[in-house]
Amino acid sequence: MKAAEFDYAKPRTVDEALAILASHEGEVRPIAGGQSLMPMMNFRLAQPDMLMDLNALEELQGIRDEGGFIIIGAMTRYRELECSELIAAHIPLICAALPHIAHAAIRNRGTIGGSIALADPAAEMPALMLALEATITVVSSRGVRRILADEFFLGLYETALADDEIITEIHVPRSKAPAHFAFCELARRHGDYAIVGIAITAQEIMPMRGLRVALFSVSDRPVRAVAIEQALENTSVGDAGAMKLAVQAIGSMAFQDDLNATDKTKLHLVGVLLKRALTELCT
Amino acid sequence: MTGPLSIFDRPNAYIGKSVPRPDAARLLVGRGQFVDDQQLPRMVHAAFVRSPHAHARIVSIDGAQAATMQGVVAVYDGSDMADHCEPWVGTLTHMQGLRSPPQYPLALDVVRWQGEPVAMVVATSRALAEDACGLIDVDYELLPEACNVEAALDRDAAVIHPEFGNNLAWERIVDSGDVDAAFARNDVTIVERTFRFNRHTGVTLEPRSSVVDFNPADETMTYWYAGQAPHMMQAILSKHLGLAEENIRLIANDVGGSFGIKIHTYGDDIATAVAARILARPVKFIADRNESFLTDIHARDHRIHGRMAVARDGEIAALEIDDLTGIGPYSMYPRTSAIECNQVLNLTGAPYAIQNYRARGQVVFQNKNLMSQYRAVGHPVAMAVAEGLLEDAALAIGLGSVDIRKRNLIRDDAYPVTSAAGMKFDDLSHCRTLDKLLDIMGHDVLREEHAKLRSSGIHRGIGIASIVEVTNPSPLFYGVGGASIAAQDGATVRLDAAGAIHVSASITEQGQGTNTIIAQIAADMFGVEIDRVKVTTGDTAHVPYGGGTWASRGAGIGGEAVLQAATALRGQVLEVAGTILQCAPDRLDILSGSIVDVKTAAQRMTLRELGRIVYFRGNELPPDVKPELIATRHYRVTDFPFVFTNGAMAAEVELDPETGFVKLLGFWVVEDCGRVINPQLVDEQIRGGVVQGIGGAFYEECIYSSNGQLLNASMADYLVPMAAEMPDIVVAHVETPTKTSVLGAKGAGEAGTGGAPAALLNAVNDALRAFDTSISEMPMTPERLLKALGVV
């Protein structure tokens, strides 16, 4: 279980990185925290020609409050998110999810940009981006693009990111009601990828308005459950009729099996989690 | 304490105390010497091409491109290996009827499980060897697979070894008493259930590892080994590589866990030795985690149908089981893959007085990785089946869980007892351990609490299990069947010139603290401080001949050898001291490194002085005094095939009926392993064992696709139990020393793994009772529980 041979580059600036991406022949894989890519390389599931290390790019660091957004540099580590006062004050949903993301040693290395770029369908961070209505900024030598999270995750490990692009930062709109959120996941062991998980934000809760419901570990990508949002919009928690419609909406979604559960089990568990998450949202 | 003082009550005793491990600091600071730490001049590295298919014919192997790659030293296929290595056959003569075909280091012609080694590359680095493996082109012709154990004997099943006609490897029937008459009694209630125990494996921190060197000048082979039985491996290498046994040296320095996994013969390890011999240079092979999951032996894989008849008063009138177990395409060498099933037949219901018992075991071949002995061989299956049925029976006749056990447990004053399956028991304490268990867990209070919580929608459960454990096996376990596996162990103790003692023992250390208890016993019995004891294990060039550490035999057998050797040396030293001090040896004793007056404890001379006289100034001794400051003793169990231990365990769980998630709230163990040499080490063994039992009950499973692909061969997907989910595990002891030895120690290594699944199964089913359902398949995953609940 040793990685195949690869070239290695460690650019000092984003421009330098983009030049490498634009000019290098063969597959260049940017590496951030390496918590997923390194095992994939050691298993030889990934065999890039070149590994481009993003760890020296200071432009991708830091969290700031600017223009109605909390802006998070792509190389921000989970541990930095955990310690950030800005995140705690304005995006407490992230704080609620972080303890479920693997273990401390992994959170010390893993980055928000790395997780979003990888787009593991069972990972928490991509689903949070959907619930938070985040925008992902990507750059290449061709220019800058800002992509809504809703349009970013396209399939299994597949995103809107082009081969010559890297993620630079994530914009999360500052909510008037950052405390209206819920996060629940079911993992067999603490820190594992979840069997199913759910993240919810709302603008108002009595009744519920502006709901965004994101599911993970149910399909080939994180899923925004628009049908659930619509079923619950303008209703109150405990409204049995609305809940019934929401559960029906879940039933119409296409879930995928994995080693832990069949699609049928996942459908059932999402229903359970939705109920629990709504209770959490409104208490 | 009443009664006369024994040798275990001497001042400064170490036996019975939680002495810290003398080697802990060395390991903690990273100065361990594991196989992978071996860096030898001219050493090269092995990697293997493995079959991606469960069953296929090898049409061709093209290694030409790999062989010319820079850094590649050699490429071998199955026939290259067969030229240098006799195949092995995993049968034993006392397992009558067991059959298994010859097995080679690398597959010849046909591959029979995904992961079977097909070709080997030796290169100057492991990474280069893996690169070269990627260049080897193997052309396969797919053959139909027989993977499902329950279909392996079907008439239309693919036959894995055509020469055998079908996939049956072994069958055994036990029939004791009159089972049919007992089931036909009109005063009995009959319960029955089909249990499934899926595959899991022992995940060792240190993977299987081999560094092998061969010196053609004197035909000697040195094998740095990460296993449990160096002398067994020496005999195997000798037999199959055609080298003189005395020319092969096995060295097991630090070993990072084994749990039975590393005690077997693996093709890639043997191929490493063959390559070293051909190349006359050191070859290293360290299994990576993927290889470990694909090729380290798996465990369990049973489907058992059980029936139990109970009378109105709770008496077990009869027990019948039918066990079908899948072992992969070969019986593992040299211990076979039939022992697990054999143990299930021997041990199901063993804690209870059962007269009428019938059991059938069928061991079948299948196209999955080999199954063989892993910690608590057969025990978790046997215990869970009997305890599960007993709980069903209690419910059916309206008796409590505790009452039905008390009605049937073999009484503490009944020994010796021979069970219906023919097992000889002595010095057990089922009733006392159960009573103590109920006491430490606060059983009645917990039950009341659960009843109250249930009415408020909280579903908790309690499960109880009484268990036996096979420990300290005699030659009747393996040796009688023709295997070169020693059932006796030896220890040599010598006094050096500085007054320290050196112990070399044939039992081995895999992390459980063997070396610590050796030092304790030697220090205690001889009479020095423990820091004056130096222990050597694992090196066949330096230790007496013996079996090693497995089957919970290290302390009981090897410990007794150390006790006998240290006691003998003490006698020899006192003989010399008597001559020097001109007094009768029986007026002297050795305490804390000095010769003392036996009555007053007044110091007469230090051991250093004695050593100085004997070693440097022998002229001061009379000419007819020829001191031997070294003693060797060997020990084997003679009176019984095994020395059984017993215990009682309880689990408390909380079930979330909406999600199928189970939270472990508490676990209690009362264990009787005879004399406890080091309470902390024994408790660690019990707790570690319970955690592995929890793994098998809730988390660990080798998940195969229907065509024999292992789907979760990584630490991300194969769930080992982790600290965050583990409950507090309370351990208490009843000590009934075995009469078979002076030390009185029985084994303690496997009880937790053997008993925990039974207690956990009963606890979950107790919680499920409110829903009028139950589960009988392990691991008890959320999805299986939701299915049992009828939710999905």
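Residues numbered from 1 in each chain as written. Chains lettered and ligands numbered in written order. Predicted model: local features only at pLDDT ≥ 70, side-chain atom pairs only at ≥ 80, totals over all residues. Heavy atoms only, no water.

Let's shift gears to the overall build of chain A. Tallying secondary structure elements over chain A gives 11 helices and 16 strands in all. On C-alpha atoms alone, chain A measures out to a radius of gyration of 19 Å, which is about the 19 Å that the 2.2 N^0.38 rule sets for 283 residues. Projected onto its principal axes, the C-alpha coordinates of chain A cover approximately 60 × 45 × 35 Å. Of the contacts formed within chain A by residues at least 6 apart in sequence, a portion of 61% connects residues at least 24 apart. For chain A, the accessible surface area stands at approximately 11900 Å², while carbon and sulfur atoms represent 51% of it. Charged side chains in chain A number 26 positive and 36 negative. The centres of these two groups are separated by 6 Å. (Helix = DSSP H or I, 4+ residues; strand = E, 2+ residues; numbered from the N terminus. Rg over C-alpha atoms; globule rule 2.2 N^0.38 Å. Contact = heavy atoms within 4.5 Å. Areas by Shrake-Rupley, 256 points an atom, 1.4 Å probe, with all protein chains shown as cover. Lys, Arg positive; Asp, Glu negative; His and termini not counted. Charge placed at Lys NZ, Arg CZ, Asp CG, Glu CD.)

Here the focus is the interface of chain B and chain A. Each side of the interface is counted separately: chain B has 33 residues, and chain A has 24 residues. Considering only the side of chain B, the residues that lose the most area to chain A are Glu658, Phe661 and Glu783 of chain B, jointly responsible for 24% of the buried surface there. Arg276 of chain A is the partner of Glu658 of chain B in a salt bridge, and the nearest nitrogen-oxygen pair spans 2.8 Å. Applying the counting criterion to the chain B and chain A interface returns 14 residue pairs in polar contact (both at pLDDT 80 or more). When residues in the side of chain B that touches chain A are grouped by element, the largest group, 4 residues, is from helix H4 (residues 126-133) of chain B. Split by residue class, the side of chain B that touches chain A holds 18 nonpolar, 5 polar and 10 charged. (Buried area = accessible area lost by both parts, 1.4 Å probe. Salt bridge = Lys/Arg side-chain N within 4 Å of Asp/Glu carboxyl O. Polar contact = N/O pair within 3.5 Å; in protein donor to acceptor, adjacent residues only side chain to side chain. Nonpolar A, V, L, I, M, F, W, Y, C, P; charged D, E, K, R; others polar.)

As a further point, take the sheet that holds strand E11 (residues 181-186) of chain A. Residues and elements named next belong to chain A. The strand order across the open sheet formed by 4 strands is E11-E12-E15-E16, and the pairing between neighbours is antiparallel. Two strands close off the open sheet at either side, each with one partner strand: E11 and strand E16 (223-224). Its contacts with the sheet place helix H8 (residues 124-131) against E11, strand E12 (196-201), strand E15 (212-216) and E16, and it is angled at close to 165° to E15. Contacts from helix H11 (residues 263-281) reach E11, E12 and E15, with the element oriented near 145° to E11. (Pairing = 2+ DSSP bridges. Axes fitted to C-alpha atoms, helices over the stretch in contact; angles between N-to-C directions.)

This part takes up the pattern of salt bridges. Residues and elements named next belong to chain B. Going through the model one piece at a time under the given rule, you end up with 66 salt bridges over all chains. In this structure, Arg199 engages Asp301 in a salt bridge whose closest nitrogen and oxygen atoms are separated by 2.7 Å. Residue Arg199 is found in the loop between strand E8 (188-197) and strand E9 (200-201), and its partner Asp301 is found in the loop between strand E14 (298-299) and strand E15 (302-311); the two are separated by 102 residues along the sequence. When sorted by exposure, Arg199 lands in the same class as Asp301, which is buried. Ionic pairing is found between Arg249 and Asp539, a salt bridge with its closest N-O pair at 2.6 Å. Residue Arg249 is located in strand E12 (residues 248-251), and its partner Asp539 is located in the loop between strand E23 (533-537) and helix H15 (554-581); the two are separated by 290 residues in the primary sequence. Judged by relative accessible area, which is 8%, Asp539 ranks as buried. (Buried < 20%, exposed > 50% of the residue type's maximum accessible area, 1.4 Å probe, protein only.)

Next up on the list: the packing of helix H10 (residues 240-251) of chain A against H11 of chain A. Residue and element names in this part refer to chain A. With their axes 10 Å apart at the nearest point, H10 and H11 run at an angle of 145° to one another. For the pair H10 and H11, the sense of crossing is right-handed. Contact with H10, carried on its side by Met243, Ala246, Ile250 and Gly251, involves Leu267, Val270, Gly271, Leu274, Lys275 and Leu278 of H11 and no other residues of that element. Split by residue class, the contact of H10 with H11 holds 7 nonpolar, 2 polar and 1 charged. (Left-handed = near helix turned anticlockwise from the far one by under 90°.)

Turning our attention to the nonpolar core. All names here are of chain B. Counting residues in hydrophobic clusters, the biggest one holds 157 residues, and the most contacted among them are Met120, Phe425, Phe667, Phe698, Leu760 and Met780. Of the residues forming this core, the biggest block, 10 residues, is contributed by helix H18 (residues 751-768). The residues contacting Met120, other than those within four sequence positions of it, are Ala46, Ala47, Phe48, Ala74, Val75, Tyr76, Met81, Leu106, Ala271, Thr272 and Ala275. Listed in part, the 54 residues of the second largest apolar core include Ile15, Leu495, Ala523 and Val533. (Core = buried A, V, L, I, M, F, W, Y, C linked by side-chain atoms within 4.5 Å.)

Here we come to the sheet that holds strand E5 (residues 69-73) of chain A. Residue and element names in this part refer to chain A. Within the open sheet, the 5 strands sit side by side as E4-E5-E10-E6-E7. Their pairing is antiparallel. Of all strands in the sheet, those bounded by a partner on one side alone are strand E4 (63-66) and strand E7 (143-148). Strand-to-strand twist across the sheet, computed as the mean angle between neighbouring axes with direction ignored, equals 25°. By the bridge criterion, 6 bridges tie strand E6 (residues 135-140) to E7 in an arrangement that is antiparallel. By the bridge assignment, Thr137 is partnered in E7 with Arg146.

Each pair of aromatic rings is reported with the distance of its centres and the angle of its planes. All names here are of chain B. Tallied over the entire structure, the rule returns 14 aromatic pairs over all chains. Between Phe477 and Tyr478, the ring centres sit 4.4 Å apart and the planes meet at 40°, which makes this aromatic pair tilted. On the basis of relative accessible area, Phe477 is assigned to the buried category, the value being 9%. Site record: aromatic cluster; members linked through ring pairs are Phe425, Phe477, Tyr478, Trp550, Phe642 and Phe644. The ring centre of Phe183 lies 3.9 Å from the NZ or CZ of Arg307, which sits over that ring. (Phe/Tyr/Trp six-rings, centres within 6.5 Å; stacked < 30°, edge-to-face > 60°. Lys NZ or Arg CZ within 6 Å of the ring centre and 35° of its normal.)

Let's shift gears to the environment of Asn186 of chain B. Residue and element names in this part refer to chain B. Mapped onto the elements, Asn186 comes out in the loop between helix H5 (179-184) and E8. The class for Asn186 is exposed, based on a relative accessible area of 75%. With 125 residues separating them along the chain, Asn186 and Ala311 place their C-alpha atoms 9.0 Å apart.

Residues and elements named next belong to chain B. Among the structural elements, Asn515 can be located in helix H14 (residues 514-526). Relative accessible area serves as the criterion here: at 17%, Asn515 is assigned to the buried category. Between the C-alpha atom of Asn515 and that of Thr536, which follows or precedes it by 21 residues, the distance is 7.9 Å. If we skip the residues at most four places from it in the chain, Asn515 touches Asp23, Glu509, Val535 and Thr537. A distance of 3.0 Å separates the side chain of Asn515 from the side chain of Thr537, its partner in a polar contact.

Note that an α-helix has 3.6 residues per turn; residues three or four places apart therefore point the same way. In this model helix H17 (residues 679-699) of chain B runs 29 Å from its N-terminal to its C-terminal C-alpha over 21 residues, within 8% of the 30 Å that 1.5 Å per residue would give. Most of H17 of chain B is tucked away, with 15 of its 21 residues classed as buried. (Expected span 1.5 Å × (residues − 1).)

What follows deals with unusual backbone geometry. Residues other than glycine predominantly adopt negative phi, and peptide bonds predominantly adopt the trans conformation. Residue and element names in this part refer to chain B. Residues Tyr415 and Pro416 are joined by a peptide bond in cis, for which omega reads 0°. In this structure, Pro416 sits in the loop between helix H11 (401-408) and strand E18 (417-418). The peptide bond linking Met778 to Pro779 adopts the cis configuration, its omega dihedral lying at -5°. Here Pro779 lies in the loop between strand E31 (777-778) and helix H19 (782-788). A positive phi angle, near 45°, is found at Asn472, a position not held by glycine. Inspection of the secondary structure assignment puts Asn472 in the loop between strand E20 (459-471) and strand E21 (489-495). You can call Asn472 buried: its relative accessible area is 1%. Of note, the phi angle at Ala601 is positive, near 65°, even though the residue is not glycine. Within the fold, Ala601 resides in the loop between strand E25 (594-597) and strand E26 (603-606). The partly exposed category is assigned to Ala601, whose relative accessible area is 44%.

Relative to the helices and strands, Arg405 of chain B resides in helix H11. Once residues lying within four places of it in the same chain are set aside, the contact partners of Arg405 of chain B are Tyr352, Glu387, Leu390, Glu391, Leu434, Ile464, Ala465 and Asn762 of chain B.

Here we take up the confidence of the model for chain B. Keep in mind that low pLDDT regions are not for reading the predicted coordinates in detail. Scored by pLDDT, chain B has a mean of 97; 99% of the residues are at 70 or more. Here the predicted complex scores 0.97 on pTM and 0.96 on ipTM. (pLDDT = per-residue confidence, 0-100.)

Take the domain arrangement of chain B next. Residues and elements named next belong to chain B. Segmentation of chain B into domains returns domain 1 (5-32 + 488-635), domain 2 (35-143 + 207-256 + 261-295) and domain 3 (298-475 + 639-788). One C-alpha centre belongs to domain 1, the other to domain 2, and the line joining them spans 40 Å. Taken together, the contacts link 21 residues of domain 1 with 18 residues of domain 2. Roughly 1400 Å² is buried in total at the junction of domain 1 and domain 2, and carbon and sulfur atoms are behind 47% of that figure. Area buried by domain 1 at its contact with domain 2 is led by Gln510, Thr540 and Tyr545, which between them contribute 38% of it. For the pair domain 1 and domain 2, the number of links is 2 salt bridges. On inspection of domain 1 and its partner domain 2, the count reaches 7 residue pairs in polar contact (both at pLDDT 80 or more). Of the residues that constitute the side of domain 1 that touches domain 2, the class distribution is 6 nonpolar, 12 polar and 3 charged. (Domains from an automatic or database assignment.)

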